[in-house]
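# Survey of secondary and tertiary structure
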Amino acid sequence: IFFLTEMFRGFMLCFEAALKPKVTINYPFEKGYLSPRFRGEHALRRYPSGDERCIACKLCEAACPAQAITIDAEEREDGARRTTRYD
């Protein structure tokens, strides 16, 4: 009798799962939810003169929750820091 109750519970679980609404989306035609904090892909910005805005303080690297930003820096001739790698 124990085996039959387990079988019945298994069938009920499968039946409930079949009746639940589907959670997948049709991607190219339906877009998923974007967080309000999403700001797009990170990029190295420049001033109109061509100089980089990044001073390689590495605050954005430390604040990135996914640790997706990597910054390497070196010193310029005038003593300021310059970003050599911004990924």
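All of the points below concern the structure found in this document. (Residues numbered from 1 in each chain as written. Predicted model: local features only at pLDDT ≥ 70, side-chain atom pairs only at ≥ 80, totals over all residues. Heavy atoms only, no water.)

Reported here for the largest pocket is a volume of approximately 470 Å³. Surrounding the largest pocket, 14 residues form its lining, R37, R39, C64, P65 and I69 being those nearest its centre. By residue class, the composition of the lining of the largest pocket is nine nonpolar, two polar and three charged. In this structure, the second largest pocket occupies an estimated 160 Å³ of space. What lines the second largest pocket is a set of 13 residues, among which R53, C54, I55, C60 and Y86 lie closest to the centre. (1 Å grid on protein atoms, 1.4 Å probe; cavity = no way out; pocket = protein on both sides within 12 Å on 5 of 7 lines; lining within 4 Å. Points joined across faces, edges and corners; volume = space filled by probe spheres on them. Nonpolar A, V, L, I, M, F, W, Y, C, P; charged D, E, K, R; others polar.)

This part covers the side chain of E52. In this fold, E52 is placed in the loop between helix 1 (2-19) and helix 2 (59-63). Here the side chain of E52 touches T83 through a polar contact of 3.4 Å, landing on its backbone nitrogen. Apart from the residues within four sequence positions on either side, E52 is in contact with L44, R45, R46, Y47, R82 and T83. (Helix = DSSP H or I, 4+ residues; strand = E, 2+ residues; numbered from the N terminus. Polar contact = N/O pair within 3.5 Å; in protein donor to acceptor, adjacent residues only side chain to side chain. Contact = heavy atoms within 4.5 Å.)

Fair warning: the whole summary comes from geometry, so function is off the table for now.
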